[in-house]
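Below, each chain spelled out in residue letters.
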Amino acid sequence: MAQQCEVCGKGPAMGNQVTHRGKAKYLGGVGTKVTGISRRVFRPNLQRVHLATPNGGTRTARVCTRCIRSGAITKKIRQAPFRLPKGAEKK
């Protein structure tokens, strides 16, 4: 559960780290060569955010940035918005 999104469950994924050497042909070189391939871990971009719960409370959770941007969560309101007092409207 350490490196996992609490909303979508996205976790670490394995992949390859490919090392290249040389200058690309379109830049005037003889082409690039692969000089090494090693395993690596792609970790999700997790952020600790304060969430609003359905019963009106708040709690913290580790959520990936894709869930934050898509609106899958509702952040807690830190401060009530400013309201004009009644009768103080401009004419």
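On a predicted model such as this, the values are computed, not experimentally measured, just so you know.

Right, let's get into the overall build of the protein. If you tally the helices and strands in the protein, you get one helix and four strands. Along the protein, from the amino end to the carboxyl end, the secondary structure elements read β-β-β-β-α. At 24 Å, the protein has a C-alpha radius of gyration far larger than the 12 Å of a compact globule built from 91 residues. Judged by the C-alpha coordinates and their principal axes, the protein covers about 75 × 45 × 15 Å.

On the surface, a nonpolar cluster with roughly 270 Å² of combined accessible area is contributed by V18, V34 and I37. Positionally, V18 belongs in strand β1 (residues 13-21).

Further remarks concern the state of the cysteines. Simply put, the disulfide is a covalent bond whose two ends are the sulfur atoms of two cysteines. If you walk through the whole model with that rule in mind, you get zero disulfides. Free of any disulfide, C64 has its nearest neighbouring cysteine sulfur in C67, separated by 3.5 Å. A residue is classified by how much of its surface remains accessible, and C64, at 2% relative accessible area, is buried.

In this section: the packing of aromatic side chains. Counted according to the given criterion, the structure contains zero aromatic pairs. Sitting over the face of the ring of F42, R40 holds its NZ or CZ atom 3.8 Å from the ring centroid.

On a regular strand, each side chain points to the face opposite its neighbour's, so the side chains alternate between the two faces of the sheet. In the sheet, strand β3 (residues 46-52) pairs with strand β4 (residues 58-64) via seven bridges, with the strands oriented antiparallel. Within the sheet, the bridge partner assigned to Q47 lies in β4 and is V63. Hairpin connection from β3 to β4: five residues lie between these consecutive antiparallel strands, with G56 at a positive phi of about 100°.

The next point concerns the nonpolar core. Residues C5, L46, V49, L51, A61, V63, C64, C67 and I73 constitute the largest nonpolar core, which totals nine residues. Looking at this core, the elements that each hand over two or more residues are β3 and β4. Setting aside anything within four residues of it in sequence, one finds V63 in contact with C5, V7, N45, L46, Q47, V49, I68 and I73.

Per the stated rule, a full pass over the model turns up one salt bridge. Across the pair R59 and E6 runs a salt bridge, and its minimum N-O distance is 3.4 Å. Placement of the pair is R59 in strand β4 and E6 in the segment before β1, with a sequence separation of 53 residues. Accessibility expressed as a relative area gives 41% for R59, which makes it partly exposed. When its relative accessible area of 36% is taken as the criterion, E6 is described as partly exposed.

This part covers the environment of C67. Mapped onto the elements of the fold, C67 is located in helix α1 (residues 65-70). Sequence separation of C67 and E6 is 61 residues, and the distance between their C-alpha atoms is 9.7 Å. If near-sequence neighbours (up to four positions away) are discounted, C67 is found in contact with C5, V7, C8, A72 and I73.

About the thresholds
Residues take numbers from 1 onward in each chain, read along the sequence in its written order. Only residues with pLDDT of at least 70 are given local features in this predicted model, and only at 80 or more are side-chain atom pairs given and counted; all residues enter the totals for whole chains, interfaces and linings. Side-chain numbers here rest on the full set of heavy atoms in the structure, without hydrogens or water. Every helix listed is a DSSP run of H or I at least four residues long, and every strand listed is a run of E at least two residues long, numbered separately from the N terminus. Our radius of gyration is a C-alpha quantity, and the globule rule it is checked against amounts to 2.2 Å times the number of residues to the power 0.38. To count toward a patch, a residue needs a relative accessible area above 30% and no salt bridge. Like charges then connect within 9 Å, nonpolar side chains (Val, Leu, Ile, Met, Phe, Trp, Tyr) within 5 Å. The accessible surface values rely on the Shrake-Rupley method and a 1.4 Å probe; as for residues, cover is taken only from the protein chains in view. A carboxyl oxygen of Asp or Glu within 4 Å of a side-chain nitrogen of Lys or Arg is what we treat as a salt bridge. Any two cysteine sulfur atoms within 2.5 Å of one another count as a disulfide. For each residue, the accessible area found with a 1.4 Å probe, counting protein chains only, is set against the maximum for its type, and the residue is called buried under 20%, exposed over 50%, and partly exposed in between. The rule is short: rings of Phe, Tyr and Trp, with Trp giving its six-membered ring, pair when the centres are within 6.5 Å, and they are stacked under 30 degrees, edge-to-face over 60, tilted in between. Note on geometry: a ring has a charge over it if NZ (lysine) or CZ (arginine) is within 6 Å of the ring centre and within 35 degrees of the ring normal. Only when DSSP finds a minimum of two bridges between them are two strands counted as paired. Buried Ala, Val, Leu, Ile, Met, Phe, Trp, Tyr and Cys residues form a nonpolar core when they are joined through side-chain atoms within 4.5 Å. In what follows, residue pairs with any heavy atoms lying within 4.5 Å of each other are defined as contacts.

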